[in-house]
Structures are given as structure tokens and as C-alpha cells.
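# A look at the structure
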Amino acid sequence: MSPSTTTLALGTGSNASKFTLDGDSLRIERAADNKWPQVQVPLRDVLWAAVDNSVFELSALARRKPKGTYILLNMSGTVTDTDLPSATAFADALMTAAYPALQRQRRLKVFVNPKSGPGKAVGLYRKKIEPIFRAARCDVDLTFTSYGKQAQEMVQKLPLDRYDAIVIMSGDGLIHEVFNGFLAHAEPSRAFRTPVTPIPSGSGNALAINLLGLDDAKDISAAALNAIKGRPMSTDLLSLTQGGKEYMSFMSQSLGLIADLDLGTEHLRFMGGQRFLVGFIYGLIRHRSCPVKVSIKVAHADKRKMVQDMKAAREQAQATYAALAEAPASEEGTPTFGAPPDPKLADASDDDEDPEWVTFDRPLVYLFAGKGPYVSSDVLQFPVSLPTDGLIDVTMQERTTRTAMFKAIDGSQRGDHYWMDTQHYYKAYAYRVEPAEAKGWLSVDGEAFPLEPYEVEVRPGLGTLLSMYGCYQLDFDLPKKGKQPAPRPQAAP
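Keep in mind the model is a prediction, meaning the values are calculated, not measured.

## Here we look at the sheet that holds strand β2 (residues 17-22)
- What the four strands build is an open sheet, ordered β1-β2-β3-β4; its pairing is antiparallel. Edge positions in the open sheet fall to β1 (6-10) and β4 (38-42), since each of these has one partner strand only. This sheet shows a mean twist of 15° between the axes of neighbouring strands, independent of strand direction.
- The pairing of β2 with strand β3 (residues 25-30) spans six bridges and is classified as antiparallel. Across the sheet, residue Asp22 finds its bridge partner in β3, namely Ser25.
- Packed on one face of the sheet, helix α1 (residues 84-98) meets β1, β2 and β3 and runs near 130° to β1.

Spelled out as C-alpha cells, the structure:
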């Protein structure tokens, strides 16, 4: 229920400020500020309000333009004895409205990777993120990682009652470490219920894009807000077994061209996300095949139906999220949405029969499997992926002409390649890969693995993320009339 209009006026003359709580927003009027005299702030973006020692304090994130970056506003003013009761009541009402069924002052374990992406993470944390967490009165335990797998080592010994969420300021590699730290924890089931949330500072930043959307993923302040205000959201994780050992993957596994452009462009990290485009073009010039045998336990293969199912699931998740926002807070903390899928639904294949293992042995340019629609800001690889459908999206690109592949680049941000006849797209319970040769790359969440036989199966609803929306952020639909998918290109010799 939106709060009724409430107004607080402080100061007089040129020092006067007026705060109006109306519906789902806070309006701030400041007579002394000629450049930004009136600020409209959604309640979601209010971080803190309180009266302390007769001083009214307010912190919020605000945007000058609808799609602009966030600016942290910290305001304070002396409250007279006469105004003290009304100012205290206003601050209390504002905080109740700004944190609906949400825990305040979260206890955050923060990992920052100084070497991620272009190498600016430490400076950005100190300048942008730390002040936001301080404004929201978060309890922060900060670690700057200094060597590989440090986060994994720390997380596997993490005292689970000490933190409300783990914040990772890095690329996707450090997130991979954290989930594998949970896997090695003495209490893995409890560990996996600890929410994980990213602050993008790497090259790909896929998880941040999927949780925040393309626009907000460019603004690390939006990611900090998600760490403060996001609700726990269940997500499937992917169990990868290789050589008798289990690993946890949260994002993707790739072979062939995709693995080459991911792991083979490490020396181009200074380019940020553009290194993937350079690697893709180089790979197409070489135009090598990926000799593997792939076996898939298929659940769904109808591309149009998968789009319809994705849209229906998103609508349901958004409705669930809205209901949680209206629910009263409980002693157990913020409720989790996006529960594991109904086993009865997860067991239903397109043919209403028990799923069977299907073998694929045509020449491939690449295999790409994972969870989450975007794998980078330029590539919507898994447009029908859902957080908790109990399935992994598996794509296999048949060998085709260079021309057809170059055309696919142009629409990759829109997911146009999904409709290519030579791109086989499955939702699966599991899949296996048997490489025909050991030369090449296997990329798991952007990390290098041996190119050896492996198997992946879904662990439904095992992981927990933070989300302010209840679903992945993307815009994807069936082709419009008159813009049907292009006819199947001829395979290259």
C-alpha cells in the first residue's frame, strides 16, 4: 500500500528545504540549490532517513535524467524542538515505505578484484560503491583479492550467520569462485542460500546485465543499490563433472569458437567487452570446426513455444515479486522468490514422454550452454533462459558460411541468431561432451578447463541471487509479421 502524502519542512528563507512523501516517490525541494532545486526520487532509491541528535539525515540515489547515472545525495539539517516529533515521524514513515518487507542495514561480505577487466575496480569501489554502502548504514567486511581462488578459499570457511549477502566487484570469474567455495563448504546447502550479487567491473559482466538490464549494468551505483534493496531470488546452478570431480557453474560452458574468443583473448583485457568482438571476427576468419560428440537429455526444442513459455514465466515472476513487496516483514528476514520448479512440470517434455538422450554429431562451429540470457552486453545468447525452470539452455552452431555468421553478429544483441536454422537450441536436463581431440579450449564461466570429456546436469533452485525485478532483464519476443527468420543458409563445404 502506497503511503499517504506526508510533508516535512525544515529551515527558513534561502536555507529552506521541503520533503514530500507522495505515493511511490519522494520529492525534495531545496531553495539554495539553483542547479537542482527540485529532485524526484523513487522510494526504491531512498537509502536512509533518520533524526539523530536533532539532525534530520537523508541519503538517496537520484538521476538528473531518466536514463542518466545515479548521483548520491546526502542531506542533513537541524531540527528544532518544535519540529522534532514531526521530523521523526516523517523519517520513520519514509524508511517504512522505502524498505517494504526488506531488511535494512545489510551485513555484506564484499570481494573486490583489483585486476578485473581494465583494472579500475579499487578506485571505483572507493569513489562510488563505498559511499553508497556507508549511506545505507550497511555493515561491510571488505576483501581486496590478491591471488587466484582467494575468494573461493575464504568462502568455503565462511561463517554463514555473519553475512546477509556476498557482493562481488569483479567480472564473472570471481562469482564462479564463490559458488565453488559454497560447494566445498562444511554446510553446502546453507551456504548456497546466501545471496550473491555482482557489481560489474570485468569484461563480460553477464550476471550483472541479466539482473540489472543493459542500461543499469553500465552504472555500478545501480548494482550497489541491488545489493542493498534486491530480494533473494533462487536460481538453478549447473553441476559439471570432469575426471571424477564436481564443479559448480553458474553461467556457461563453451567449446569451439566461443571458447576461443573468451580464453584466447585474455591478452586483450584492456579493451573491455570489445575483446570478444575482436576474437569473434578472428575466429570466423579461421573458420575452424569443433570435433566433438554431444549427447543431450532434451526437454524442449520448439523455439516458438520456448519464447511463449519464457514470457509467461516472466509475468508470473513479476507478479510474485510485486506481492512480496506488499507483504509485511517477518522475523525470518526478506522472503525468497523464484522457488525451484514444480517437479511435475520439469518432467514434461515436448513429446509428453520420458526424455531420452539424443546424440548430435554434425560438424560444429561452437557449443554454448548456460543460464542467463546475456553473456555480454553485445550478445543475447540464451534469450529464453529462465532462473528456475530446472533446465539448461544448450546451443550448437552448425558449420555454415562466413557470410551467414557475420550477419549473425549484427543482430547478436537482439538475439537474432536464435532463429537461425543452423543454430540448434535445446532446453535440457543434462548434456555430455566427448571431444575428438585434446587441442582447444573448454571455458566454464570464463575459466579455462581441460578439453576432456565432461557432463553437466542442472541443480534446480540451488543458488541464490539478489534481484529488484523478480526475473532476468531483457526484451525478446516472437518475430513480427513480415520479419520472419531468414531462410536456412547453405552449409559451407
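## Things to note about the environment of Tyr321
- Take Tyr321: it is sitting in helix α10 (residues 303-326).
- When the C-alpha atoms of Tyr321 and Met468 are compared, they prove to be 8.3 Å apart, with 147 residues separating the residues in sequence.

## Regarding the nonpolar core
- Phe19, Leu26, Phe56, Leu58, Leu94 and Phe133 are the most contacted members of the largest nonpolar core, which has 60 residues in total.
- Once residues within four sequence positions are removed from consideration, Leu58 is found in contact with Phe19, Leu26, Ile28, Val46, Trp48, Ala49, Leu73, Asn74, Met75 and Leu94.

## Topic: the sheet that holds strand β7 (residues 71-78)
- With antiparallel pairing, three strands are arranged side by side in an open sheet as β5-β6-β7. Two strands bound the open sheet, and with one partner strand each, they are β5 (46-52) and β7. Between one strand axis and the next, the sheet turns through 10° on average, direction left out of account.
- Across six bridges, β5 lies against strand β6 (residues 55-62) in antiparallel orientation. Bridge pairing in β6 links Val46 to Ala60.
- Across the sheet, α1 touches β5 and β6, and the angle it forms with β5 is around 155°.

## Some remarks on the side chain of Lys109
- Mapped onto the secondary structure, Lys109 falls in strand β8 (residues 107-112).
- On the accessibility criterion, Lys109 (2% relative accessible area) is buried.
- Reaching out from Lys109, the side chain makes a polar contact with the side chain of Thr143 at a distance of 2.6 Å.

## As for helix α4 (residues 172-183)
- Here α4 is 12 residues long and its end C-alpha atoms lie 17 Å apart, about the 16 Å a rise of 1.5 Å per residue gives.
- The buried count for α4 comes to 11 of 12 residues, which makes it a mostly enclosed element.
- Those residues of α4 that fall on the buried side of the exposure criterion are Asp172, Gly173, Leu174, Ile175, His176, Glu177, Val178, Phe179, Asn180, Gly181 and Phe182.

## Describing the pairing of β8
- With five of its six residues buried, β8 lies for the most part within the structure.
- Note: β8 against strand β9 (residues 139-144), six bridges, orientation parallel. Looking at β9, one finds that Arg107 is bridged to Asp139.
- Crossover handedness for the path β8 to helix α2 (residues 121-135) to β9: right-handed.
- In terms of strand pairing, β8 meets strand β10 (residues 165-170) through five bridges, oriented parallel. Along β10, the bridge assignment pairs Phe111 with Ile168.

Criteria and thresholds
- Residues numbered from 1 in each chain as written.
- Predicted model: local features only at pLDDT ≥ 70, side-chain atom pairs only at ≥ 80, totals over all residues.
- Heavy atoms only, no water.
- Pairing = 2+ DSSP bridges.
- Helix = DSSP H or I, 4+ residues; strand = E, 2+ residues; numbered from the N terminus.
- Axes fitted to C-alpha atoms, helices over the stretch in contact; angles between N-to-C directions.
- Contact = heavy atoms within 4.5 Å.
- Core = buried A, V, L, I, M, F, W, Y, C linked by side-chain atoms within 4.5 Å.
- Buried < 20%, exposed > 50% of the residue type's maximum accessible area, 1.4 Å probe, protein only.
- Polar contact = N/O pair within 3.5 Å; in protein donor to acceptor, adjacent residues only side chain to side chain.
- Expected span 1.5 Å × (residues − 1).
- Right-handed = clockwise from strand over helix to strand, strands pointing away.

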